[in-house]
Amino acid sequence: MSVTENWEPKIIGFCCNWCSYAGADLAGVSRMSYPANLRVLRVPCSSRVNPQFILRAFQRGADAVLVSG
Amino acid sequence: MVAAVQHPNIKLLTYSEVEEVSGYIGNFEVAIRQKARYVDHSICTGCGTCWEKCPTRVNSEYNLGMGIRKAIYISFPQAVPNKPLIDRENCRWFTSGKCGVCKKVCQAGAVDYDQQDELLSVKVGAIVMATGYDLFNWQQAYGEYGYGRFPDVITGLQFERMSNASGPTEGKIIRPSDGAEPKDVVFIKCVGSRDITKGKEYCSRTCCMYTAKHAHQVLEKIPDSRAFIFYMDVRTPGKAYEEFYQRTLHEGANYIRGRVSKIYRSGSKLMVRGADTLLGVPVEVEADLVVLATAMGPAAGSDKIAQKVGFSIDKDGFFQEAHPKLRPMETNTAGVFLAGACQGPKDIPDTVAQASGAAVKVCALLSKSELATDPMISQVNESICSGCLACKAVCPYKAIEEKSISERVGGKAVERTVASVNMGLCQGCGSCTVACLPGALNLKGFTNEQLLAEVDAICL
Amino acid sequence: MKRTGVFICWCGSNIGGVVDIPAALEEVSKFPGVAYATDYKYMCSEPGQEKIINAIKEHKLDRVVVSACSPRLHENTFRKAIQRAGLNPYMLEIANIREHCSWVHQNDKEKATLKAIDLIRRAVAKAGKIEPLYESSISVKKRVLVIGGGIAGMQAALDVAEAGYEVVLVEREGTVGGKMAMLDKTFPTLDCSA
């Protein structure tokens with residue numbers, strides 16, 4: 001499989017409301033900058049992330065899944 | 001102090017420790033161990049004969065090693081309650097089975113060597129943490145100050161015990177080594193504070209002011225005395241604080257901006273070598289007494305009590321507030337509040353302010369007869385729950401209970417077990433939903449269907 | 001048929017200066033289930049909230065997506081607003097297009113706009129599956145436990161006791177007073193510490 005030059009991975013993040021989601025908020029408040037190809041979903045805890053959700057993301061075309069909590 | 005004991009609404013349990021906390025906001029259940037004192041306080045008159053006659057002399061913890069107490073003792077003359085307890089570790093009756101002097105001399109018959117620890121259980125709606133601070137252990141970190149080998153190098157708190165009229169020297173400032181009155185007293189600030197390599201990164205906030213007070217007390221109490229203060233900065237942010245510092249300066253305290261690199265013995269005195277960074281020269285000061293302004297750290301055992309009550313501590317071990325500016329008296333655990341130096345270094349005015357703030361938070365909570373619960377919690381579909389209780393094993397909040405339901409199967413009543421969610425305990429984390437293989441558990445507000453729909457939509 | 005209303009906030013120029021909101025609005029209006037979509041300078045302000053309330057009534061919306069700052073900030077504000085319009089307060093979903101989008105992608109407006117549209121699509125999809133939730137209540141034991149009998153614990157205990165509630169004050173040492181009682185005079189007033 002060849003990777004085209006401008007290819008960007010589609011990354012789905014499951015972030016815990018109390019830590020990493022808040023951390024992503026803080027990144028915004030601090031005006032930090034990161035690539036726009038991460039899309040964050042809010043979960044009440046990383047333990048809420050059923051492996052089924054991760055598989056579904058891959059099925060639907062995600063290139064990477066981040067679970068953070 | 002006496003007010004707290006005498007208030008009809010306050011039940012005071014001294015010599016007691018919290019063993020276990022369970023439950024949740026509005027409904028905590030607390031197990032408290034009241035340690036045996038071996039003195040029946042309900043009949044003890046506090047006359048003091050027992051501790052006068054007790055033959056065992058022990059170094060007084062309360063006086064930080066600068067005084068003696070007995071094995072049956074009160075910490076200081078104004079202790080509340082003003083009745084003694086027996087220190088089992090040092091009492092001859094407990095160590096050798098002989099003695100019994102205190103029991104013999106007690107007119108009231110209050111000494112009871114068979115007293116046992118008592119376990120109490122109380123139900124409360126809220127908890128206030130007020131466990132305070134302990135001083136940074138400078139002896140382990142500061143070799144240049146002698147690792148504690150020089151008796152005349154003391155902490156600010158030891159200085160307080162000496163200058164306190166009911167302390168071991170009855171208010172007289174002395175050199176611990178020979179009891180002589182010190183003439184030249186050196187104070188060193190930021191011992192452990194603002195020192196990343198040896199101590200803590202933070203400023204302890206109180207030391208600038210109490211050092212100014214100590215210097216003032218030396219100059220006031222001891223004729224022809226001199227006070228030298230080695231400092232990094234002088235921080236006086238508080239009402240009437242800068243004025244107080246200026247007053248000490250005008251009384252003749254010598255402030256030297258710079259760190260001390262070494263303290264060594266010079267005859268009967270101590271030589272303090274440091275730098276005056278404003279003049280750019282090395283300095284040496286001969287001292288009779290050196291007082292260290294040691295950093296404030298969290299109280300010993302505060303990590304364990306935080307774990308028992310169930311909230312987090314910060315990188316320095318102080319209790320973590322819910323928000324540094326907007327919610328400084330709250331923890332992230334609903335119903336648990338913070339007061340005083342357990343949250344971070346604080347002086348008395350700030351401590352009192354925070355304690356009153358925490359009290360208002362408590363009153364606001366207790367003023368309600370009922371609390372609305374967050375509806376985003378787990379729910380069980382009993383018709384497909386297999387009763388395996390895998391959910392119970394993963395629940396971090398002990399919110400899943402077993403429940404027996406009866407169903408009609410083929411015309412017959414059948415009893416079976418299913419999981420049941422306690423809505424007061426469930427915090428809505430959703431762990432159980434993942435552990436549930438039949439899919440009987442779902443989290444309201446973050447259902448499987450909702451999350452899958454989100455994944456689908458965002459991957460489009 | 002679900003009737004979702006989408007409300008995109010400019011947050012002054014915080015969002016509007018990066019995300020092309022008119023373009024996003026056009027895209028979002030086409031999402032399935034979206035019955036109404038609009039934008040406003042400050043959605044959390046009183047007029048902004050009024051806009052949501054009026055739209056709910058006028059367009060018979062049964063659920064709302066607010067596309068603005070982090071839900072950790074204003075979720076409750078908007079829950080109360082839609083409740084004022086007669087909806088269940090939980091018929092709300094927030095798309096975080098400020099902290100998670102405009103503020104972190106200021107240098108790439110095009111990608112920020114595309115991402116904002118994706119984030120709103122997620123919120124609309126979730127909104128399609130939400131159901132009314134109802135709070136229940138638990139009782140409150142009118143007693144407080146204070147752990148530590150130093151100045152902080154005693155002050156808190158006295159204040160709560162004065163308000164008429166029961167206090168259990170636990171101190172691990174044999175006496176109350178803590179570190180404060182060890183002190184001599186206390187600054188700046190030099191009064192005693194007993």
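Residues numbered from 1 in each chain as written. Chains lettered and ligands numbered in written order. Predicted model: local features only at pLDDT ≥ 70, side-chain atom pairs only at ≥ 80, totals over all residues. Heavy atoms only, no water.

### Some details on the overall build of chain C
Definition in use: Comment: elements are numbered from the N terminus, with helices defined as DSSP H or I runs of at least four residues and strands as E runs of at least two. C-alpha atoms define the radius of gyration in this analysis, and the globule rule sets the expected value at 2.2 Å times the number of residues to the power 0.38. Categorising residues by exposure relies on relative accessible area from a 1.4 Å probe, with only protein chains included: less than 20% of the type maximum marks a residue as buried, more than 50% marks it as exposed, and the intermediate range marks it as partly exposed. The protein chains shown are the only cover counted for residues, whose accessible areas, like all others here, come from Shrake-Rupley with a 1.4 Å probe.
Along its length, chain C carries six helices and seven strands. Listing the helices and strands of chain C from first to last along the sequence gives β-α-β-α-β-α-β-α-α-β-β-α-β. Relative to the compact-globule value of 16 Å for 194 residues, chain C shows a C-alpha radius of gyration of 26 Å, a clear excess of over 25%. Projected onto the principal axes, the alpha-carbon positions of chain C cover approximately 70 × 40 × 30 Å. Per-residue burial for chain C yields a buried fraction of 60% across its 194 residues. For chain C, the computed accessible surface area is about 7700 Å², with 49% contributed by carbon and sulfur atoms.

### Notes on the sheet that holds strand S12 (residues 184-191) of chain B
Residues and elements named next belong to chain B. Our working rule: What makes two strands pair is DSSP finding at least two bridges between them. Between the N-to-C directions of two axes lies an angle of 0 to 180 degrees, each axis being a line fitted to C-alpha atoms and, for a helix, fitted only over the stretch in contact.
The strand order S11-S18-S12-S13-S14 describes an open sheet built from five strands, whose pairing is parallel. In this open sheet, the two edge strands, each paired with only one partner strand, are strand S11 (153-155) and strand S14 (254-257). Between one strand and the next, the sheet's axes are offset by a mean angle of 25°, whatever the strand orientation. Where strand S13 (residues 226-231) meets S14, four bridges bridge the pair, whose relative direction is parallel.

### Notes on the side chain of Arg79(C)
Put simply, the rule is: Only heavy atoms matter for contacts: two residues are in contact if any of them lie within 4.5 Å across the pair.
Assignment of secondary structure puts Arg79(C) in helix H3 (residues 71-84). For Arg79(C), a relative accessible area of 13% corresponds to the buried category. With sequence-adjacent residues up to four places away left out, Arg79(C) is seen in contact with Met376(B), Pro89(C), Tyr90(C) and Leu92(C).

### Examining the interface of chain A and chain C
For the record, the criterion: As used here, buried area is the combined drop in accessible area, with a 1.4 Å probe, of two parts when they are placed together. Salt bridge, as used here: a side-chain nitrogen of Lys or Arg that lies within 4 Å of a carboxyl oxygen of Asp or Glu.
The partner chain C presents 18 residues to the 21 residues of chain A that form the contact. Interface area for chain A against chain C, summed over the two sides, is near 1700 Å², with a carbon-plus-sulfur share of 50%. If you sort the residues of chain A by the area they bury against chain C, Arg31(A), Arg39(A) and Arg42(A) come out on top, with a joint share of 30%. Remark: the boundary between chain A and chain C carries four salt bridges. A salt bridge links Arg72(C) to Asp25(A); the shortest N-O distance between them is 4.0 Å.

### Looking at the sheet that holds strand S17 (residues 281-287) of chain B
Residue and element names in this part refer to chain B. Judged by pairing direction, the sheet is antiparallel, and its three strands sit side by side in the order S15-S16-S17 without closing on themselves. Edge positions in the sheet fall to strand S15 (260-266) and S17, since each of these pairs with one other strand and no more. The average angle at which neighbouring strand axes cross in this sheet is 20°, direction not considered.

### Brief notes about the environment of Trp7(A)
Residues and elements named next belong to chain A. Structurally, Trp7 can be placed in the segment before strand S1 (11-16). Its relative accessible area of 44% is what places Trp7 among the partly exposed residues. A sequence separation of 32 residues divides Trp7 from Arg39, and the C-alpha atoms of the two residues are 16 Å apart.

### Things to note about the pattern of salt bridges
Residues and elements named next belong to chain B. Applying the stated criterion across every chain, the model contains 45 salt bridges over all chains. A salt bridge links Lys35 to Glu17; the nearest nitrogen and oxygen atoms lie 3.0 Å apart. Remark: Glu17 occurs in strand S2 (residues 16-24) and Lys35 occurs in the loop between strand S3 (27-34) and helix H2 (49-53); sequence separation between them is 18 residues. On the accessibility criterion, Glu17 (34% relative accessible area) is partly exposed. Measuring nitrogen to oxygen at the nearest pair gives 2.7 Å for the salt bridge that ties Arg69 to Glu61. By relative accessible area, Glu61 is classed as partly exposed at 48%.

### With respect to the nonpolar core
Where we set the bar: Among the buried residues, those of types Ala, Val, Leu, Ile, Met, Phe, Trp, Tyr and Cys that are joined through side-chain atoms within 4.5 Å form a nonpolar core.
Counting 62 residues, the largest nonpolar core has Val6(C), Ile52(C), Val64(C), Val66(C), Ile97(C) and Ile120(C) as its most contacted members. It is helix H5 (residues 109-127) of chain C that provides the largest number of residues to this core, a total of eight residues. Discounting chain neighbours no more than four positions away, the residues touching Ile97(C) are Ile8(C), Cys9(C), Ile15(C), Ser67(C), Ala68(C), Ser102(C), Ala116(C), Leu119(C) and Ile120(C). Counting 61 residues, the second largest nonpolar core, distinct from the first, contains Ile10(B), Ala355(B), Ile400(B) and Val160(C).

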